[in-house]
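So you can see what is in the structure, the chains are spelled out below.
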Amino acid sequence: MSARMVVFFFMMPVLWVGLHVYMGRRLIGDSPWRRVAWGVVAVPALLPLLTTVMLRTELLGPSEPLQWAGYLAMGLGSIALVMFLAIDLLRLGRRVYLRMRPSAAAPDPSRRAFLGRAVNLGIVGGACSVTGVGVVQALQLPEVKEVEVPIEGLPPEAEGLRIVQISDVHVGPTIHGDYLSAVVDRINTLDADIVAVTGDLIDGFVDQLRDEVAALGRLRARHGAFFVTGNHEYYWDGPAWCDEVARLGLTVLNNEHRVIEHDGARIVLAGVNDVWASGMVPDHASDPALACRDAPEGCVKVLLAHQPRSIEAAAAAGYDLQLSGHTHGGQYFPMNLLVHLTQPYVAGLHRHDDTWIYVSRGTGYWGPPMRVGAPHEITLLRLVAA
C-alpha cells in the first residue's frame, strides 16, 4: 500500500469520527439523556468504518445488510454535516453582526434554545428526506444521454461515429452483476461503433468480483470495447483488474492507442491510466503524450482519461476530445457543489483550449447508494463535423 493510501485510510476515519463528535455536541448539548444520545450518534459514525474494514479483510464474512447500513449512514451523516456547517456559519455571521451593533437587543435565551432545537430537528428530518429520495433515484437503471460533439477536420466518412461511454459503475458492496448486466443489455441496443469504459468499474478484488463483472464480456460494438483505469482500480490491485478486463475481451489502453478504421476514415483512440496511478503502481504513471506517440498524423484523436484534470496534458498533446468520469456529477446534493473545488469540469461537454472534454456523471454510484441532482447515465456521443 502506498504512503498516500496509508495517510488517506488513517486520516479519513479520524476526520469522520471528529465531525460526528461536532454534530453530536450540536444535537445533544446538556440533554439528560446524553449517554443514550451519544450512543445513537456513535452508530452512524462507526458503521461506515466497520463496513470498510469488512470489505477489505472479509472480517466476519460478507454481510450485505451491514454494508447497506454503513453506506446509508455515510450518506446521511455527510448531508447532515454540511447542513450543520451551513447553519453554524450563518450563526457566526449573525454574532459578528450583533457585535458590530452594540445597540441591538440581545436574543431571549429561551427563544434561542427553542429555535435551536427546531433547527436541529429540521436538519435531521431534511437529511433523512434527501437520503430517501437519493436511494430511490440511485437504484434506477441509468438513462441514455445523447450528446453531439462537433469536431474540426472530422472526415466525412466518420460523420455520426457513435461512442458509448460508461464510467464509475463501482460494482462491489451494493452494486452487483445483475445491475451491470442490465447496463450491458442497454448498451447493446445502441448500435455503438466504440464502447468506452472510463474507469472505476469496481470496488473489490478480482477474486471477490470476477463473476459480478462477467457481463462485460457481452459488450458489442463495431470496433470493440476499450477500458482505462480509474483511481478505484488501484485500491483493489489495478494491474490484476487490467488483466481481468482484458480476459473478458476489452482492450485495455495503458498509455497507448489504437487506430480505428471506420469506413475509410482513421480515428486515433488513446487511453491513459488514472492520474493518481503512479503513487500506487509506479509504471502506470498517466501520460497523454506517450499514449499518442507514433500515431498517424492528421487523424482525429480521442483520449479516454478517468479524471477531468487530465485535460491540461490532453490539450497540450493535441487531442480533439477527452472522455472522462470520476466526479459522478457530485452524486448528491450538497456534495455536487463541493466537487467543483477538486476538478476543472464536473459534468457535460466543455471546451478547453482546442480540445473538447465530456465528463460523465457516472453509471453507478460510490459509497452511499444515493443520487440527488446528479442522475447517472449511459452516454451516447456522436462525432459530427464542426
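All values reported here derive from a predicted model rather than from experimental measurement.

Draft legend 1. Region of the structure containing the overall build of the chain. Tallying secondary structure elements over the chain gives 11 helices and 12 strands in all. The C-alpha radius of gyration of the chain comes to 24 Å, within 12% of the 21 Å expected for a compact globule of 386 residues. Projected onto its principal axes, the C-alpha positions of the chain cover 80 × 55 × 40 Å. Out of the 386 residues in the chain, the part that is buried amounts to 49%. Long-range pairs, those at least 24 residues apart, make up 76% of the contacts in the chain with a sequence separation of at least 6. Of the roughly 18,000 Å² that the chain leaves accessible, carbon and sulfur atoms contribute 61%. Positive and negative charge centroids in the chain, built from 31 and 38 side chains respectively, lie 15 Å apart.

Draft legend 2. Here's a closer look at the packing of helix α2 (residues 34-57) against helix α3 (residues 64-100). Across the interface, α2 lies against α3 with an axial gap of 8 Å and an inter-helix angle of 130°. With respect to α3, the axis of α2 lies oblique. Crossing hand, α2 versus α3: left-handed. Across the interface between the two elements, Pro44, Leu47, Pro48, Leu50, Thr51, Met54 and Leu55 of α2 pack against Leu66, Gln67, Ala69, Gly70, Tyr71, Ala73 and Met74 of α3. For the contact of α2 with α3, the per-class residue count stands at 11 nonpolar, 3 polar and no charged.

Draft legend 3. Fine view of the sheet that holds strand β10 (residues 348-352). In space, the 6 strands of this open sheet follow the order β6-β7-β8-β9-β11-β10, with mixed pairing throughout. Of all strands in the sheet, those bounded by a partner on one side alone are β6 (256-262) and β10. Taking the axes of each pair of neighbouring strands and ignoring which way they run, one obtains an average angle of 20° across the sheet. Of the pairings in the sheet, the one linking β6 to strand β7 (residues 265-271) comprises 7 bridges and is antiparallel in character. Bridged to His257 within β7 is Ala270.

Draft legend 4. Focus on a nonpolar patch on the surface. Taken together, the side chains of Val17, Val21, Trp38 and Leu46 present a nonpolar region at the surface, about 310 Å² in accessible area. For the nonpolar patch, the elements supplying multiple residues, two or more each, are α1 (3-28) and α2. Relative to the helices and strands, Leu46 resides in helix α2.

Draft legend 5. A positive patch on the surface, seen in detail. A contiguous patch of positive charge, built from Arg94, Arg95, Arg99, Arg111 and Arg112, is present on the exposed surface. Mapped by element, the contributors of at least two residues to the positive patch are α3 and α4 (109-138). Looking at which element gives the most residues to the positive patch, the answer is α3, with 3 residues. On the secondary structure map, Arg112 appears in helix α4.

Draft legend 6. Layout of the pairing of strand β12 (residues 377-385). Where burial is concerned, most of β12 is hidden: 7 out of the 9 residues are buried. Pairing between strand β1 (residues 143-151) and β12: 9 bridges, direction parallel. Looking across to β12, one finds that Val144 is bridged to Ile378. Where strand β2 (residues 162-166) meets β12, 4 bridges bridge the pair, whose relative direction is antiparallel. Within β12, the position partnered with Gln165 by the bridge is Thr379.

The rules behind these values
Residues numbered from 1 in each chain as written. Predicted model: local features only at pLDDT ≥ 70, side-chain atom pairs only at ≥ 80, totals over all residues. Heavy atoms only, no water. Helix = DSSP H or I, 4+ residues; strand = E, 2+ residues; numbered from the N terminus. Rg over C-alpha atoms; globule rule 2.2 N^0.38 Å. Buried < 20%, exposed > 50% of the residue type's maximum accessible area, 1.4 Å probe, protein only. Contact = heavy atoms within 4.5 Å. Areas by Shrake-Rupley, 256 points an atom, 1.4 Å probe, with all protein chains shown as cover. Lys, Arg positive; Asp, Glu negative; His and termini not counted. Charge placed at Lys NZ, Arg CZ, Asp CG, Glu CD. Axes fitted to C-alpha atoms, helices over the stretch in contact; angles between N-to-C directions. Parallel < 35°, antiparallel > 145°, perpendicular 65-115°, else oblique. Left-handed = near helix turned anticlockwise from the far one by under 90°. Nonpolar A, V, L, I, M, F, W, Y, C, P; charged D, E, K, R; others polar. Pairing = 2+ DSSP bridges. Patch = residues over 30% accessible without salt bridge, like charges linked within 9 Å, V, L, I, M, F, W, Y side chains within 5 Å. Salt bridge = Lys/Arg side-chain N within 4 Å of Asp/Glu carboxyl O.

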